[in-house]
Amino acid sequence: SKGEYRHFMLKEIYEQPAVISAALEGRLSDTGVLVESFGPEAATLFARTRQIHIIACGTSYHAGLVARYWLERYAGVPVQVEVASEYRYRHPVVPEDTLFVTLSQSGETADTLAALRYAKTLGYIGALGICNVPGSSLVRESDLTLMTRAGPEIGVASTKAFTTQLIALMLFTLALAKSRSDAPLDAGEQGEIVQALKALAPICQQVLALNDEIEVLSQAFAEKHHALFLGRGAHFPIALEGALKLKEISYIHAEAYPAGELKHGPLALVDSEMPVISVAPNDDLLEKLKSNLQEVRARGGQLFVFADKNVGIHAHDDTQVLHLPHIHEALAPLLYTLPLQLLSYHVAVLKGTDVDQPRNLAKSVTVE
Ligand code: M6R
């Protein structure tokens, strides 16, 4: 039941600290990930892995896009990510020693399952399925599995399923890094990420406590017809996910761009009627992002920035800023997802849409 919450979506957003802890439970030592969490054959398969192909749909695809940044940066493995409905109809070339990975909340998405079945004919070394539903088709048909442990997700708009997929994908990244002698991440850095993972749930709680402030921000969106989301690096997929949430439940047209692409086209759309939402964690790309935000301001765009409290981005006339607690750079995509979920939730409530059951959509897309 929804309990004290007005919608399942809100309840599921608030469950995230708890399910993130559940997704980590028993899978970490003090210094690294327990590779056997992925099954008895995982260590051998991961040591052999030279490339990774990740296939998924919708929100799960966005989790895959985040994982590409992590897997290349920390495990040093080249990664391709693609939506299942495209992958299954082309003729993918599979290099030797490539691992196939599917991501799915339900484990019953028709295109993702078809892609998995097709992949089995293409000579991959194995298929890893990251999934939330035990006993689903995807779990039964994969060689290795990792359950995301988000518990039942009722709202059509995926929230806790996404953040627990990110946890699973960070565990996968650490497991690969540990299984390979040439990984860019040394043991010390692995330990730092493990400690940051263990400290993550209470930090998420602090971000959820910004709910009232985000509800106030949401008022600026209710009358708008369009919105632009910007991010860089691993936060570009977070911007994509923020835009998908807003589209799905508030029916406002939203697009996401890597901030560096602004001047290659979308800047033409920016005027005082266009809200621009940006995530600004404290990472290498911050200075570049700041200059992208300046470009928006110069065009009269209304900026909404979710920023690390230490980075010196402050509110003024045309810029509203919400400060987030500082977090290890590797985990920032997880944390910055939360305010975007709450923002789209409150905009949808203001617009009076059917938040848990948006028009034209089904929770599990079991037909093509
Ligand atoms: O169950 P799956 O993760 O395979 O579902 C994939 C998409 O249908 C799903 O993520 C969809 O995009 C959600 N409604 C997004 O909120």
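Look a little higher up for the structure.
Just so it is clear, the model here is predicted, and its values are computed rather than measured.

A.B. asks: Just to check I follow, could you spell out the site of the ligand for this structure?
C.D. replies: Near the ligand, the surroundings consist of 14 residues, among which Ser60, Ser104, Gln105, Thr109 and Glu248 are the closest. At 3.0 Å from a nitrogen atom of the ligand is found a main-chain nitrogen or oxygen belonging to Val156. Glu248 is positioned such that a nitrogen or oxygen atom in its side chain is 2.6 Å from a nitrogen atom of the ligand. Summarising the interface, the protein chains cover 90% of the accessible area of the ligand, which totals 410 Å² for the free molecule. Under a 2 Å grid-point criterion requiring more than half of the atoms, the pocket assigned to the ligand is the largest pocket. Where the shell around the ligand is concerned, the elements lending two or more residues are helix 4 (58–75) and helix 12 (235–250). Looking at the shell around the ligand, the element that brings in the most residues is helix 4, giving three residues.

A.B. asks: It is not clear to me how the layout of surface pockets should be interpreted in this structure. Could you clarify?
C.D. replies: Space left empty within the atom packing is revealed by a probe, the size of a water molecule, rolled over the atoms. As a volume, the largest pocket reaches approximately 530 Å³. If you trace the largest pocket, you find 23 residues lining it, with Cys57, Gly58, Thr59, Lys363 and Val365 closest to the centre. Secondary-structure elements contributing two or more residues to the lining of the largest pocket are helix 4, strand 3 (98–104), helix 6 (110–119) and helix 12. Split into classes, the residues belonging to the lining of the largest pocket amount to eight nonpolar, eleven polar and four charged.

A.B. asks: Could you clarify how one ought to interpret empty space enclosed by the protein in this entry?
C.D. replies: One pass over the full model with this rule turns up three cavities of 30 Å³ or more. Each pocket or cavity is described by its volume, and for the largest cavity that value is around 60 Å³. Lining the largest cavity are Gly231, Arg232, His235, Val279, Ala280, Pro281, Asp283, Leu285, Leu286 and Leu289. Counting residues per element, the ones that place at least two in the lining of the largest cavity are strand 8 (275–280) and helix 13 (286–298). A class-by-class count of the residues in the lining of the largest cavity yields six nonpolar, two polar and two charged.

A.B. asks: Please clarify how the side chain of Thr319 should be interpreted in this entry.
C.D. replies: Inspection of the secondary structure puts Thr319 in strand 10 (residues 319–324). Since its relative accessible area comes to 2%, Thr319 is described here as buried. Polar contacts involving the side chain of Thr319 include one to the side chain of Arg297, which spans 2.9 Å.

A.B. asks: It is not clear to me how the nonpolar core should be interpreted in this structure. Could you clarify?
C.D. replies: Side chains of nonpolar character tend, in soluble globular proteins, to be buried together. Phe46, Phe172, Leu197, Phe229 and Phe306 are the most contacted members of the largest nonpolar core, which totals 96 residues. Here this core takes twelve residues from helix 8 (residues 160–179), the largest share from any one element. If we ignore the near neighbours within four places in the chain, the residues touching Phe229 are Ala239, Gly242, Ala243, Leu246, Ala254, Glu255, Ala256, Tyr257, Ile277 and Leu340. Listed in part, the 19 residues of the second largest apolar core include Leu262, Val296, Ile313 and Val321.

A.B. asks: Hey, could you run me through the packing of aromatic side chains in this one?
C.D. replies: By convention here, two paired aromatic rings are described through the distance between centres and the angle between planes. Considering all chains together, one arrives at eight aromatic pairs under this definition. For the ring pair Phe100 and Tyr124, a centre distance of 5.0 Å and an interplane angle of 55 degrees mean the geometry is tilted. Taken together, the residues span a long stretch of sequence, with Phe100 in strand 3 and Tyr124 in the loop between helix 6 and strand 4 (126–131) at a distance of 24 residues. Owing to a relative accessible area of 13%, Tyr124 belongs among the buried residues under this scheme. Aromatic ring contacts, followed pair by pair, group Tyr87, Phe100, Tyr118 and Tyr124 into a single cluster. The side chain of Arg359 reaches across the aromatic face of Tyr251, ending 3.8 Å from its centre.

A.B. asks: Before we go on, may I ask you to explain helix 4 in this structure?
C.D. replies: Structurally, the α-helix is built with 3.6 residues per turn, so residues lying three or four positions apart point the same way. Given a rise of 1.5 Å per residue, 18 residues ought to cover 26 Å, and the 25 Å separating the end C-alpha atoms of helix 4 matches this to within 8%. Along helix 4, the residues classified as buried are Thr59, Ser60, His62, Ala63, Gly64, Leu65, Val66, Ala67, Trp70, Leu71, Tyr74 and Ala75. Remark: Gly76 follows helix 4 within two positions and exhibits a positive phi of approximately 70 degrees.

A.B. asks: For this particular structure, what's the right way to read the sheet that holds strand 3?
C.D. replies: Within a beta sheet, neighbouring strands are joined by backbone hydrogen bonds and run either parallel or antiparallel to one another. Spatially, 2-1-3-4-5 is the arrangement adopted by the five strands of the open sheet, whose pairing is parallel. Among the strands making up the open sheet, the edge pair consists of strand 2 (79–83) and strand 5 (144–147). Put simply, the sheet's adjacent strands are angled 20 degrees from each other on average, direction ignored. Across five bridges, the pairing between strand 1 (residues 51–56) and strand 2 is parallel. Its bridge partner lying in strand 2, Ala56 is registered against Val83.

Scoring rules and cut-offs
Residues numbered from 1 in each chain as written. Predicted model: local features only at pLDDT ≥ 70, side-chain atom pairs only at ≥ 80, totals over all residues. Heavy atoms only, no water. Near = heavy atom within 4 Å. Polar contact = N/O pair within 3.5 Å; in protein donor to acceptor, adjacent residues only side chain to side chain. Areas by Shrake-Rupley, 256 points an atom, 1.4 Å probe, with all protein chains shown as cover. 1 Å grid on protein atoms, 1.4 Å probe; cavity = no way out; pocket = protein on both sides within 12 Å on 5 of 7 lines; lining within 4 Å. Sits in = over half its atoms within 2 Å of the grid points. Helix = DSSP H or I, 4+ residues; strand = E, 2+ residues; numbered from the N terminus. Points joined across faces, edges and corners; volume = space filled by probe spheres on them. Nonpolar A, V, L, I, M, F, W, Y, C, P; charged D, E, K, R; others polar. Buried < 20%, exposed > 50% of the residue type's maximum accessible area, 1.4 Å probe, protein only. Core = buried A, V, L, I, M, F, W, Y, C linked by side-chain atoms within 4.5 Å. Contact = heavy atoms within 4.5 Å. Phe/Tyr/Trp six-rings, centres within 6.5 Å; stacked < 30°, edge-to-face > 60°. Lys NZ or Arg CZ within 6 Å of the ring centre and 35° of its normal. Expected span 1.5 Å × (residues − 1). Pairing = 2+ DSSP bridges. Axes fitted to C-alpha atoms, helices over the stretch in contact; angles between N-to-C directions.

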